[in-house]
Amino acid sequence: MIEDIKKRALHRTKIIEGQLRGIEKMIENEDYCVDIITLSLAVQKSLASLNKLLVENHLRTHVSHMYEQGGDQREEAVAELVRIFELSNNRG
């Protein structure tokens, strides 16, 4: 993993972890539903940000290497990207 991206991704996971603990506490305290939903939506945005970092790392490392290899490796890289695209469009 690219060191800068790894550092940012780990930081993002810590933020998400804190947000999830916050949601858990809000549910336990029976906080106002809209407030819980607001934080839940923030978690989803944080996860999207994490996914963006992970995709960037994958493109800059594995995919670029696979493209350089050519042939079946290149086709596998394209298939992976299509699969990620499909997964991202089937969520929500």
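Check the entry above for the structure.
Residues numbered from 1 in each chain as written. Predicted model: local features only at pLDDT ≥ 70, side-chain atom pairs only at ≥ 80, totals over all residues. Heavy atoms only, no water.

Thoughts on the pattern of salt bridges
It is possible for side chains of opposite charge to pair when their charged atoms get near one another.
Thought 1: As enumerated under the stated definition, the model contains three salt bridges in all.
Thought 2: Of the charged contacts, one joins Arg-8 and Asp-4 as a salt bridge, the two residues approaching to 2.9 Å between their closest N and O atoms. Of this pair, Arg-8 and Asp-4 are both found in helix α1 (residues 3–28), four residues apart, which corresponds to roughly one turn of the helix.
Thought 3: Using a relative accessible area of 43% as the deciding quantity, one classes Asp-4 as partly exposed.
Thought 4: Across the salt bridge formed by Glu-17 and Arg-21, the nearest N and O atoms sit 3.6 Å from each other. With Glu-17 and Arg-21 both in helix α1 and four residues apart, this pair spans about one turn of that helix.
Thought 5: Residue Arg-21 is classed as partly exposed on the basis of its relative accessible area of 48%. (Salt bridge = Lys/Arg side-chain N within 4 Å of Asp/Glu carboxyl O. Helix = DSSP H or I, 4+ residues; strand = E, 2+ residues; numbered from the N terminus. Buried < 20%, exposed > 50% of the residue type's maximum accessible area, 1.4 Å probe, protein only.)

Details of the environment of Thr-13
Thought 1: Here Thr-13 shows up in helix α1.
Thought 2: The exposure class of Thr-13 is partly exposed, given its relative accessible area of 32%.
Thought 3: For the pair Thr-13 and Leu-50, spaced 37 residues apart in sequence, the C-alpha to C-alpha distance is 7.5 Å.

Remarks on the environment of Asp-31
Thought 1: Note that Asp-31 resides in the loop between α1 and α2 (33–69).
Thought 2: Assessed through its relative accessible area of 30%, Asp-31 is described here as partly exposed.
Thought 3: Setting aside residues up to four positions removed in sequence, Asp-31 forms contacts with Met-26 and Ile-36. (Contact = heavy atoms within 4.5 Å.)

Remarks on the nonpolar core
If you look at soluble globular proteins, the nonpolar side chains tend to sit buried side by side.
Thought 1: In terms of nonpolar packing, the biggest core is built from nine residues, these being Ile-5, Ala-9, Ile-16, Ile-23, Met-26, Ile-36, Val-43, Leu-50 and Leu-53.
Thought 2: Among the elements of the structure, α1 and α2 are those that each provide at least two residues to this core.
Thought 3: In terms of residue count, the dominant contributor to this core is α1 (five residues).
Thought 4: Not counting the four nearest positions on each side in its chain, Ala-9 is found in contact with Leu-50 and Leu-53. (Core = buried A, V, L, I, M, F, W, Y, C linked by side-chain atoms within 4.5 Å.)

A closer look at the packing of α2 against helix α3 (residues 71–89)
Thought 1: Contact geometry of α2 with α3 gives a least axis separation of 6 Å together with a crossing angle of 155°. Overall, the two elements α2 and α3 adopt an arrangement that is roughly antiparallel. When you trace α2 past α3, the crossing you get is left-handed. Mapping the contact onto sequence places Val-55, His-58, Leu-59, Val-63, Met-66, Tyr-67 and Gln-69 in α2 and Gly-71, Gln-73, Arg-74, Glu-76, Ala-77, Val-78, Glu-80, Leu-81 and Ile-84 in α3.
Thought 2: The residue makeup of the contact of α2 with α3, split by class, is nine nonpolar, four polar and three charged. (Axes fitted to C-alpha atoms, helices over the stretch in contact; angles between N-to-C directions. Parallel < 35°, antiparallel > 145°, perpendicular 65-115°, else oblique. Left-handed = near helix turned anticlockwise from the far one by under 90°. Nonpolar A, V, L, I, M, F, W, Y, C, P; charged D, E, K, R; others polar.)

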